[in-house]
Amino acid sequence: MPLFGHHNQPAAGMRQNEQVLGQWKTHHGELQLTNQRCLLLKSGGMASLGGAPHEILWGVELDAIQDAQVVTGNQGAGQVAGQAAGNTLSEYIPIGNPLGGMMGQQTAHLIINGQSIAFHDSNTANTALAQIQSAKQTRAAQGGPPH
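Residues numbered from 1 in each chain as written. Predicted model: local features only at pLDDT ≥ 70, side-chain atom pairs only at ≥ 80, totals over all residues. Heavy atoms only, no water.

**Concerning the overall build of the protein chain**
Across its full length, the protein chain holds 2 helices and 7 strands. Sequence-ordered secondary structure for the protein chain, helices as α and strands as β, is β-β-β-β-β-α-β-β-α. Looking at the protein chain residue by residue over its 147 residues, the buried ones come to 37%. Counted over contacts in the protein chain with a minimum sequence separation of 6, partners at least 24 positions apart contribute 55%. (Helix = DSSP H or I, 4+ residues; strand = E, 2+ residues; numbered from the N terminus. Buried < 20%, exposed > 50% of the residue type's maximum accessible area, 1.4 Å probe, protein only. Contact = heavy atoms within 4.5 Å.)

The structure is reproduced here in structure tokens:
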């Protein structure tokens, strides 16, 4: 599955006619949904205060999303993501807080094509999933305009 940018490379910015539909904080950065793709952006820290662009850690075109689901808690998320990765012929790469389970915090994982993204709570993960599915349906209905 193609990624947009690589670790420590700045995001190329928005594409022509691309609009942000939603964004959510995760354990590892910010999940951003646009009308064309879903991106995981690295937290900007102090650099973002100066207007520096966020770095893209991971991304997928909306029309390339074959499987998306939310798994609550820390148990089983890796197994579900691994199965989804096998089903979509992509590679499972967990993105999230590896210490979450040790802190007793109940996390939720949004799994997109085998990519697991850890959220602070299940309500936020479910909201993100619903908006991603809606954006995917809208894009499909519009014929998936070229980017």
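**Section: the sheet that holds strand β5 (residues 68-72)**
With antiparallel pairing, the 3 strands of this open sheet are ordered in space as β5-β6-β7. This sheet does not close on itself; its edge strands, each paired only once, are β5 and β7 (115-119). With strand direction ignored, the average angle separating the axes of adjacent strands in the sheet is 25°. Together, β5, β6 (108-112) and β7 form the strand contacts of helix α2 (residues 122-141), whose direction differs from that of β5 by roughly 175°. (Pairing = 2+ DSSP bridges. Axes fitted to C-alpha atoms, helices over the stretch in contact; angles between N-to-C directions.)

**A look at the nonpolar core**
One finds Leu 31, Leu 110, Ile 112, Phe 119 and Ile 132 to be the most contacted residues of the largest nonpolar core, which totals 20 residues. Counting residues per element, the ones that place at least two in this core are β2 (29-34), β3 (37-42), β4 (56-61), β6, β7 and α2. When residues of this core are assigned to their parent elements, the largest contribution, 5 residues, is made by α2. Beyond its immediate chain neighbours, meaning those up to four positions away, Leu 31 contacts Gly 22, Gln 23, Trp 24, Thr 26, Cys 38, Leu 39, Leu 40, Leu 110, Ile 117, Phe 119, Ala 128 and Ile 132. (Core = buried A, V, L, I, M, F, W, Y, C linked by side-chain atoms within 4.5 Å.)

**Structural notes on the side chain of Glu 30**
Along the chain, the position of Glu 30 falls in strand β2. The charged side chain of Glu 30 is buried without a salt bridge, its nearest counter-charge being Lys 25 at 4.2 Å. When residues no more than four places from it in sequence are discounted, the contact partners of Glu 30 are Gln 23, Trp 24, Lys 25, Leu 39, Leu 40 and Leu 41. (Lys, Arg positive; Asp, Glu negative; His and termini not counted. Salt bridge = Lys/Arg side-chain N within 4 Å of Asp/Glu carboxyl O.)

**Quick word on the sheet that holds β3**
The strand order β1-β2-β3-β4 describes an open sheet built from 4 strands, whose pairing is antiparallel. The open sheet has two free edges, formed respectively by β1 (20-25) and β4, since each of these has just one partner strand. The average angle at which neighbouring strand axes cross in this sheet is 15°, direction not considered. Note that β3 and β4 share 5 bridges and pair antiparallel. For Leu 41, the partnering residue across the bridge sits in β4 and is Ile 56.

**Considerations on the pattern of salt bridges**
As a working rule, side chains carrying opposite charge can pair if their charged atoms are close by. Summed over all chains, the structure comprises 3 salt bridges. Between Arg 15 and Glu 61 there is a salt bridge, and its shortest N-O distance comes to 2.7 Å. Of this pair, Arg 15 sits in the segment before β1 while Glu 61 sits in strand β4, placing them 46 residues apart in sequence. With a shortest N-O distance of 3.8 Å, Glu 55 and Lys 42 are connected by a salt bridge. Here the residue Glu 55 occupies a position in the loop between β3 and β4, and Lys 42 occupies one in strand β3, the gap between them amounting to 13 residues. On the basis of relative accessibility, which here comes to 29%, the residue Lys 42 falls in the partly exposed class.

In short, geometric facts, not functional conclusions.
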